[in-house]
Amino acid sequence: MTYFERVLVANRGEIAIRVMRACREMGIETVAIYSEPDKHSLHVKYADESFLVGEAHPSKSYLNQERIIDIAKKSGAEAIHPGYGFLAENSGFAHRCDEEGLTFIGPSWKSIEAMGSKLGSKHMMEEAGVPVLPYTPDGVTTLDEAKRISADIGYPVIVKASAGGGGIGMQIVEDEAGLEEAIEKGMRIAASAFGDSTVFIEKYLVKPRHIEFQVLADQHGNRVHLYDRECSIQRRHQKLVEEAPCPIMTDELRERMAESALKVTEASGYYNAGTVEFLYANGEYYFMEMNTRLQVEHTVTEMVTGIDLVRQQIAVAAGEELSFAQDDITLNGHAIECRINAEDPLNNFQADPGKIVRYRSPGGPGIRVDSGIHMGYSIPPMYDSMISKLCGWGRTRTESIERMRRAIFEYVILGVKTTLPLHHAIMNNRHFIAGDTHTHFLQEEHVKEN
Ligand code: ADP
């Protein structure tokens, strides 16, 4: 069955190729867009047809909505897959696609809009009976009120941008003396990064785990979850290592969290793939936010469930019903993903763009590599520093760690600094091996390059 004849992929790098792979398997032609520095990128070569979208700066290229819509129409594409980042969670763009008769491969623009506000989504979830951390329900209005509520909540607290993402603008506040400055700074960053200065205050958990559930729903009211992922190993509040399933998950906890995740999906009338993120500490979990897109770490879920999430996204967007029910989805083994970033892990993860002078990709049993790079490729400085995702599957968590260690040994990327040596250290860290991680793991363990 052909769902669409042609799909435009409004992204670059590994995720553009990931989406095109699914399209190719489904017999769907693909259209790539590329900015000037991406002219020779792999995603351009992979596509059936490609179009220059604009200059290097994202606002002129991968965020240039009208130009992308024009290219879609000119090329005869019927649908647009946004990948992650760029326009993936831009409700205005999803709405524009609707207006132009193009299918946006993702949730409805209304769901994106509703979930785009962390405050709004917390209200919605609280009403649906999903646990949330104590917070300022109206955001921060006056300093006096912020002080009063923070004292009630109890320090430390965290100031967050309601429209935030990518860990940007979050400020941890230890006591009342630091509150005013954190609010002002948070508002300033929020206004410039997201065009919306609304911030709110939430209880700060000192060493939580980040646990998330993958959900998938069709446009006919069927919804399932595809189990959990543990994403606690982070730098600057951004994930670096993810695994499925979460190593400390019990049947009882999974049942409760999955029920909450599906409640979130139902309460928001959500369809397509999505991720419900929770913080977990001391046996309790709290809804943090819903990401209304395909996640970077969808790969580990695919490895343990055998379900291709991009193919499912395309089928759902074409109006198909899910072809399986919850009971048909089983967990098989364990998978780990390491994000390979062109960054210096010994120098505060500073980006290290440049030319790759040697490249050899790992392989063998249980290994999956999703990357957009090759020998001689020049990593442009103006985009995401993540250049590859290395994933390993094993029948057990131990086997997946052993395979990751072996694949990290095989992986050769020379010419730029990468997070590979750090991943080697993490895969050999005794706390990681014991599954004993939290969101401050990297700071606390002082995991160094070996
Ligand atoms: P963003 O949308 O900017 O990525 P999130 O709300 O998803 O931000 O949070 C990202 C990370 O920040 C979490 O995984 C966690 O490590 C940390 N974090 C966020 N809120 C809290 C909190 N209330 N307490 C402790 N850590 C938090």
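The rules behind the values
- Residues numbered from 1 in each chain as written.
- Predicted model: local features only at pLDDT ≥ 70, side-chain atom pairs only at ≥ 80, totals over all residues.
- Heavy atoms only, no water.
- Helix = DSSP H or I, 4+ residues; strand = E, 2+ residues; numbered from the N terminus.
- Rg over C-alpha atoms; globule rule 2.2 N^0.38 Å.
- Buried < 20%, exposed > 50% of the residue type's maximum accessible area, 1.4 Å probe, protein only.
- Areas by Shrake-Rupley, 256 points an atom, 1.4 Å probe, with all protein chains shown as cover.
- Lys, Arg positive; Asp, Glu negative; His and termini not counted.
- Charge placed at Lys NZ, Arg CZ, Asp CG, Glu CD.
- Near = heavy atom within 4 Å.
- Polar contact = N/O pair within 3.5 Å; in protein donor to acceptor, adjacent residues only side chain to side chain.
- Axes fitted to C-alpha atoms, helices over the stretch in contact; angles between N-to-C directions.
- Parallel < 35°, antiparallel > 145°, perpendicular 65-115°, else oblique.
- Left-handed = near helix turned anticlockwise from the far one by under 90°.
- Contact = heavy atoms within 4.5 Å.
- Nonpolar A, V, L, I, M, F, W, Y, C, P; charged D, E, K, R; others polar.
- Pairing = 2+ DSSP bridges.
- Salt bridge = Lys/Arg side-chain N within 4 Å of Asp/Glu carboxyl O.
- pLDDT = per-residue confidence, 0-100.

1. Some thoughts on the overall build of the protein
Across its full length, the protein carries 15 helices and 22 strands. For a compact globule of 450 residues, the expected C-alpha radius of gyration is about 22 Å, and the protein comes in at 21 Å, within 12% of that figure. The principal-axis extent of the C-alpha atoms belonging to the protein is close to 60 × 50 × 45 Å. Counting across all 450 residues of the protein, residues that qualify as buried make up 57%. Within the structure as shown, the protein displays about 18,100 Å² of accessible surface, and the carbon and sulfur contribution to it stands at 47%. One finds the centroid of the 47 positive side-chain charges in the protein at a distance of 6 Å from the centroid of its 65 negative side-chain charges.

2. What to know about the site of the ligand
Taken together, 23 residues lie around the ligand, and Lys118, Gly167, Glu202, Gln234 and Glu289 are the ones closest in. One of the side-chain nitrogen or oxygen atoms of Lys160 is found 2.9 Å away from a nitrogen atom of the ligand. Between the ligand and Leu205, the relevant distance is 3.0 Å, taken from a nitrogen atom to a main-chain nitrogen or oxygen of the residue. When isolated, the ligand has an accessible area of 550 Å², and the protein chains bury 95% of it. Mapped by element, the contributors of at least two residues to the shell around the ligand are strand E6 (157–161), strand E8 (199–203), strand E12 (272–281) and strand E13 (284–291).

3. Regarding the packing of helix H3 (residues 65–75) against helix H4 (residues 91–99)
Following both chains from N to C, one finds H3 and H4 inclined at 30°, their axes separated by 11 Å at the closest point. Here H3 is positioned roughly parallel relative to H4, judged by the angle of their axes. Pair H3 / H4 crosses with right-handed handedness. Touching Gln65, Glu66, Ile68 and Ile69 of H3 are Gly92, Phe93, Arg96 and Cys97, all from H4. Residue composition of the contact of H3 with H4, by class: four nonpolar, two polar and two charged.

4. What about the pairing of E6?
Residues in a regular strand project their side chains so that they alternate between the two faces of the sheet. With five of its five residues buried, E6 lies for the most part within the structure. The alternating pattern of E6 places Val157, Val159 and Ala161 on one face and Ile158 and Lys160 on the opposite face, and all of these are buried. In terms of strand pairing, E6 meets strand E7 (residues 171–173) through three bridges, oriented antiparallel. Note on E7: the bridge partner recorded for Val157 is Val173. Bridge count for E6 against E8 is five bridges, and the pairing is antiparallel. Bridge pairing in E8 links Ala161 to Val199.

5. Re the environment of Val310
Note on placement: Val310 falls in helix H11 (residues 309–317). Every residue in contact with Val310, bar those within four places of it in the chain, is listed here: Arg18, Val19, Ala22, His81, Leu294, His298 and Glu302.

6. Regarding the sheet that holds strand E19 (residues 367–371)
Taking strand neighbours across the sheet as the criterion, the eight strands line up as E13-E12-E9-E10-E11-E14-E21-E19 in an open arrangement whose pairing is antiparallel. Pairing within the sheet leaves two strands with one partner each, and these edge strands are E13 and E19. Averaged over all pairs of adjacent strands, the angle between strand axes in this sheet comes to 25°, irrespective of strand direction. As judged from the seven bridges shared by E12 and E13, these two strands associate in the antiparallel manner. Across the sheet, Leu279 pairs through a bridge with Tyr286, a residue of E13. The strands touched by helix H9 (residues 251–267) within the sheet are strand E9 (209–217), strand E10 (223–235), E12 and E13, with E9 carrying the most contacts at an inclination of about 55°. Across the sheet, H11 is in contact with E9, E10 and E12; its angle to E12 comes to roughly 125°.

7. Here we look at the sheet that holds strand E2 (residues 29–35)
With parallel pairing, five strands are arranged side by side in an open sheet as E3-E2-E1-E4-E5. Only two strands of the sheet have a single neighbouring strand rather than two, namely strand E3 (49–54) and strand E5 (103–104). Docked against the sheet, helix H1 (residues 13–25) engages strand E1 (6–9), E2 and strand E4 (79–81), running at close to 170° with respect to E1.

8. Describing the pattern of salt bridges
On inspection of all chains with the given rule, the structure shows 36 salt bridges. The salt bridge involving Arg18 is made with Asp308; its shortest N-O contact spans 2.8 Å. In this pair, Arg18 is assigned in helix H1 and Asp308 in the loop between helix H10 (298–305) and H11, connecting sequence segments 290 residues apart. Note that Arg96 is salt-bridged to Glu100, the shortest N-O span being 2.9 Å.

9. Observations regarding the confidence of the model for the protein
Confidence in the prediction for the protein averages 96 pLDDT; 98% of positions are at 70 or higher. Across the predicted assembly, pTM comes out at 0.96 and ipTM at 0.97.

10. Some words on the packing of helix H12 (residues 397–410) against helix H13 (residues 420–427)
One way to put it is that H12 packs onto H13 with a least axis distance of 10 Å and a crossing angle of 150°. Compared by their axis directions, H12 and H13 come out roughly antiparallel. The handedness of the crossing between H12 and H13 is left-handed. Across the interface between the two elements, Ile401, Met404, Arg405 and Ile408 from H12 touch Leu420, His423, His424 and Met427 from H13. Within the contact of H12 with H13, the residues separate by chemical class into five nonpolar, two polar and one charged.

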